[in-house]
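Report on the structure
One-letter residues, chain by chain:
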Amino acid sequence: MNFDYDVIVIGGGHAGCEAAAASANMGAKTCLITMDMNKIAQMSCNPAIGGIAKGQIVREVDALGGYTGIVTDRTAIQFRMLNRSKGPAMWSPRAQCDRGKFIWTWREILENIPNLHIWQDQVKELLVKNGEVTGVKTYFDVEFKSKCVILTAGTFLNGLMHIGHTKIAGGRVAEPASYHLTESIAQHGITYGRMKTGTPVRIDGRSVHYEDMEIQDGEHDYHKFSFMGEGRHLKQLPCWTCFTNPDVHAVLESGLPDSPLYNGQIQSIGPRYCPSIETKLVTFPEREQHQLFLEPEGENTQEYYLNGFSSSLPLDIQISALRKIPAFRDLVVYRPGYAIEYDFFDPTQLNHSLESKKISGLFMAGQVNGTTGYEEAAGQGIVAGINAALKCAGSEPFIMHRDESYIGVLIDDLVTKGVDEPYRMFTSRAEYRILLRQDDADARLTERSYQLGLASRERYDHWIEKKEEIEKIVHFCENFSLKPALINPALESIRTTPLKYGCKLFDLINRPQITVQNISEHINALKNIINGIKNRREEIVEAAEILIKYNGYIARERVIADKMQRLENIKIKGRFDYKNMNSLSIEARQKLERINPETLAQAGRIPGVSPSDINVLLVLLGR
């Protein structure tokens, strides 16, 4: 075998899979090194993809030409569109998946991508010469040569699991940790720290009394994750909900002295937005109950995930507490919940391309950058894969701005602000979320990706066809005039106020009672346009309606984003000696020197850099 490659990807999780696929599909000879080919894209925690803001990221990965959305649709056993009661900027798709089928679908895809090889092994050393990556060395003592390396090791770097006082070395249950690699990287001046995350107990569904729970069915409409491919074809299953109670809390509180989180056994930083059940009790002592979600792990298996009950308490405490819930009075579990500590690297040491500022050719993606979640990992992975392939080809890096994608927001937050806890994406983190909807990810990103050489011609044509159909509907609505005498009977049947004067159909659709679909039943010309759409009719009609109803908000946010883009265009990297600029605050000098921002806009987003500091830089640039 020839162990020379353009790109090597370390780790076969969600970041690693997207990185390897993107790199190989762009023409780079790529090798994915993973310790277990049977655990590729393993869902280490929740068997679900998407959720608030996370669903938008998956849609963006798909629009770029990634595979997470396609795999999710093929393996989904429940789908829901979250936040429907809010505006479309907040809608977020989420799907429960069959864990086993998810793995094997990903593996089937990866093994059939040209230019992509898979090697089952562990990397123990990063090879560097004169500040540039030259390859890696593995536990099998194989030396790989490469131009770029993408590190996506997840929670495996010096991973340590905790169940009560019991400590087990590992990156995931029943899987070994990765040793030596952190130290191999850190010796080149890259700083690292420790983080903590956790996962709940896994339950045998045959022991559950479902009659004591509330059923939560999924949705069965046309929505899905991928803009391409087929919809859901696996059997659709319900989830179930129940609540803890004071008896549960009493048992849990009795175990707090043995909790690694509270007895000093765990010192690292845990996730604020996915707290353990013991953290909930301590943080919210006045609460008498907490909601739990019982979620299926597979189409034909009995394993269930108990969302909301992440814990590292001793096994007997976990089981005793859960048996105080009526639905779990005869509980049988497959394994307890546990916490895990692992190494991560300070992401402010990265450029927006996710390439290290210290080691040329080293890219990092996923939990090694201090994030949490499959979706955040996949988004970073595809960007790292794209940029590694571009670097090998001698091309400029691919950077997404904050008004282009949630992935762009994620990466900018990481490299500009850093992390002091596991980073999770929310819609509130994006200042331009009206522009970053789940329905328009292809409009924002597919053409850019096609120009890069990642999105296929089929995907590009798919988008162009959709774009033309949307424009046809919007153009018709902008130009079709309505007369009160002809349309008012229809408006009364829809239970909305009749017109006193004529208007354009575009303006009428802005009414909350009116949709493109229901008004088309009374306007034959519009109905004919809709019926003439051959593919993805519902998706296209929905996208057109959003553009019509929210046109004013979208236009206003676009103006604001364009104004901010002017600061993004002012390059400042390498133009200032910050440590000797006495006109800046001491904190600003320190932060600017450490992060060395690319643009003036990025400098303004660094915590500790004030507007007055930015004004100083503007004055100096003027000189």
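Residues numbered from 1 in each chain as written. Predicted model: local features only at pLDDT ≥ 70, side-chain atom pairs only at ≥ 80, totals over all residues. Heavy atoms only, no water.

1. Re the overall build of the protein
- In terms of helices and strands, the protein carries 21 helices and 21 strands.
- In terms of overall size, the protein behaves like a compact globule, its C-alpha atoms giving a radius of gyration of 26 Å where 623 residues would be expected to give roughly 25 Å.
- Principal axes of the C-alpha set define a box for the protein whose edges measure 80 × 70 × 55 Å.
- Sorting the 623 residues of the protein into buried and exposed places 59% on the buried side.
- Of all intrachain contacts in the protein linking residues separated by at least 6 positions in sequence, the fraction that spans at least 24 positions is 72%.
- Only carbon and sulfur atoms are counted for the fraction: they give 50% of the accessible area of the protein, which is about 25500 Å².
- Charge centroids of the protein, computed over 72 positive and 77 negative side chains, lie 4 Å from each other. (Helix = DSSP H or I, 4+ residues; strand = E, 2+ residues; numbered from the N terminus. Rg over C-alpha atoms; globule rule 2.2 N^0.38 Å. Buried < 20%, exposed > 50% of the residue type's maximum accessible area, 1.4 Å probe, protein only. Contact = heavy atoms within 4.5 Å. Areas by Shrake-Rupley, 256 points an atom, 1.4 Å probe, with all protein chains shown as cover. Lys, Arg positive; Asp, Glu negative; His and termini not counted. Charge placed at Lys NZ, Arg CZ, Asp CG, Glu CD.)

2. Digging into the pattern of salt bridges
- Evaluated as defined, the whole model comprises 46 salt bridges.
- Across the salt bridge formed by Asp343 and Arg194, the nearest N and O atoms sit 2.9 Å from each other. A residue pair is termed long-range when its members are at least 10 positions apart, and Asp343 in strand S18 (residues 338-345) and Arg194 in strand S12 (residues 192-204) qualify at 149 residues.
- You can call Arg194 partly exposed: its relative accessible area is 28%.
- The salt bridge partner of Lys391 is Glu355, with a shortest N-O separation of 3.1 Å. Highlighted residues: Lys391 in helix H9 (residues 374-392) and Glu355 in the loop between S18 and strand S19 (362-364), separated in sequence by 36 residues.
- For Glu355, a relative accessible area of 13% translates into the label buried.
- Look at the salt bridges and you will find they share partners, linking Arg402, Asp412, Asp413, Lys417, Glu431, Glu568 and Arg605 into a network. (Salt bridge = Lys/Arg side-chain N within 4 Å of Asp/Glu carboxyl O.)

3. Let's talk about the pairing of strand S8 (residues 132-138)
- Here strand S7 (residues 123-129) pairs with S8 via 6 bridges, running antiparallel. In the sheet register, Leu127 faces S8, and the bridge partner there is Gly135.
- For S8 and strand S9 (residues 143-151), the ladder comprises 3 bridges, and the chain directions are antiparallel. By the bridge assignment for S9, Lys137 is matched with Glu143. (Pairing = 2+ DSSP bridges.)

4. Concerning the packing of helix H1 (residues 14-25) against H9
- The interhelical angle for the contact between H1 and H9, taken along N-to-C directions, is 30 degrees, at an axis separation of 7 Å. Our classification of the angle between H1 and H9 gives roughly parallel. Note on packing geometry: the crossing formed by H1 with H9 is right-handed. Here H1 contributes His14, Ala15, Glu18, Ala19, Ala22 and Ser23 to the contact with H9, which in turn contributes Tyr374, Ala377, Ala378, Gly381, Ile382, Gly385, Ile386 and Ala389.
- For the contact of H1 with H9, the residue count by class is 9 nonpolar, 4 polar and 1 charged. (Axes fitted to C-alpha atoms, helices over the stretch in contact; angles between N-to-C directions. Parallel < 35°, antiparallel > 145°, perpendicular 65-115°, else oblique. Left-handed = near helix turned anticlockwise from the far one by under 90°. Nonpolar A, V, L, I, M, F, W, Y, C, P; charged D, E, K, R; others polar.)

5. Some details on the side chain of Glu469
- Here Glu469 is to be found in helix H12 (residues 457-479).
- Assessed through its relative accessible area of 13%, Glu469 is described here as buried.
- Contacts of Glu469, omitting those with residues within four sequence positions, involve Ile533 and Ile540.

6. Quick notes on the sheet that holds strand S4 (residues 76-82)
- The 3 strands lie next to each other as S3-S5-S4, forming an open sheet whose pairing is antiparallel. Of all strands in the sheet, those with a lone pairing partner are strand S3 (48-50) and S4, marking the two edges. Taken pair by pair, the neighbouring strands of this sheet meet at an average axis angle of 15 degrees, ignoring direction.
- One ladder, built from 6 bridges, connects S4 with strand S5 (residues 92-97); its direction is antiparallel.

7. Concerning the environment of Met581
- Mapping Met581 onto the fold places it in the loop between helix H18 (551-568) and helix H19 (586-595).
- What makes Met581 buried here is its relative accessible area of 8%.
- Taking the C-alpha atoms as reference points, Met581 and Leu617, 36 residues apart in sequence, are found 9.8 Å from one another.
- Excluding anything up to four places from it in sequence, Met581 contacts Phe576, Arg589, Leu617 and Leu620.

8. Quick notes on the state of the cysteines
- In the structure shown here, the tally under the stated rule is 0 disulfides.
- Cys17 takes part in no disulfide bond, and the closest cysteine sulfur to it belongs to Cys31, at a distance of 13 Å.
- Free cysteine: Cys274, not disulfide-bonded; nearest cysteine sulfur from Cys45 at 6.2 Å. (Disulfide = S-S within 2.5 Å.)

9. Quick word on the packing of aromatic side chains
- Evaluated as defined, the whole model comprises 14 aromatic pairs.
- Each ring, one from Phe3 and one from Trp119, has its centre 5.4 Å from the other, and the planes form 85 degrees; the classification is edge-to-face. Taken together, the residues Phe3 in the segment before strand S1 (4-10) and Trp119 in strand S6 (residues 116-120) connect sequence positions 116 residues apart.
- The rings of Phe3, Tyr5, Trp119 and Phe144 are connected pair by pair, giving a single aromatic cluster.
- Directly above the aromatic system of Tyr5 lies the positively charged group of Lys29, at a separation of 4.9 Å from the ring centroid.
- We note Arg429 situated over the ring of Tyr423; from NZ or CZ to the ring centre the distance is 4.2 Å. (Phe/Tyr/Trp six-rings, centres within 6.5 Å; stacked < 30°, edge-to-face > 60°. Lys NZ or Arg CZ within 6 Å of the ring centre and 35° of its normal.)

10. Observations concerning unusual backbone geometry
- Despite not being glycine, Leu354 has its phi angle at roughly 75 degrees, a positive value.
- Positive phi outside glycine occurs at Asn596, with the angle close to 50 degrees.
- Checked against the element boundaries, Asn596 lands in the loop between H19 and helix H20 (600-604).

11. A few points about the side chain of Gln380
- Inspection of the secondary structure puts Gln380 in helix H9.
- For Gln380, the contacting residues outside a window of four places in its chain are Leu354, Ala365, Gly366, Asn369, Thr371, Leu410 and Leu414.

12. Let's talk about a nonpolar patch on the surface
- A cluster of nonpolar side chains, contributed by Tyr139, Phe140 and Tyr179, occupies part of the molecular surface with about 310 Å² of accessible area.
- With respect to the helices, strands and loops of the structure, Tyr179 is situated in the loop between strand S11 (166-169) and helix H5 (181-186). (Patch = residues over 30% accessible without salt bridge, like charges linked within 9 Å, V, L, I, M, F, W, Y side chains within 5 Å.)

13. Focus: helix H4 (residues 99-110)
- Taking 1.5 Å per residue, 12 residues should reach 16 Å; H4 reaches 17 Å between its end C-alpha atoms and fits that length.
- Restricting attention to buried positions, one finds in H4 the residues Arg99, Phe102, Ile103, Thr105, Trp106, Arg107, Ile109 and Leu110.
- For H4, the capping residue at the N-terminal end is Asp98, with a side-chain oxygen 3.2 Å from the backbone nitrogen of Gly100. (Expected span 1.5 Å × (residues − 1). Polar contact = N/O pair within 3.5 Å; in protein donor to acceptor, adjacent residues only side chain to side chain.)

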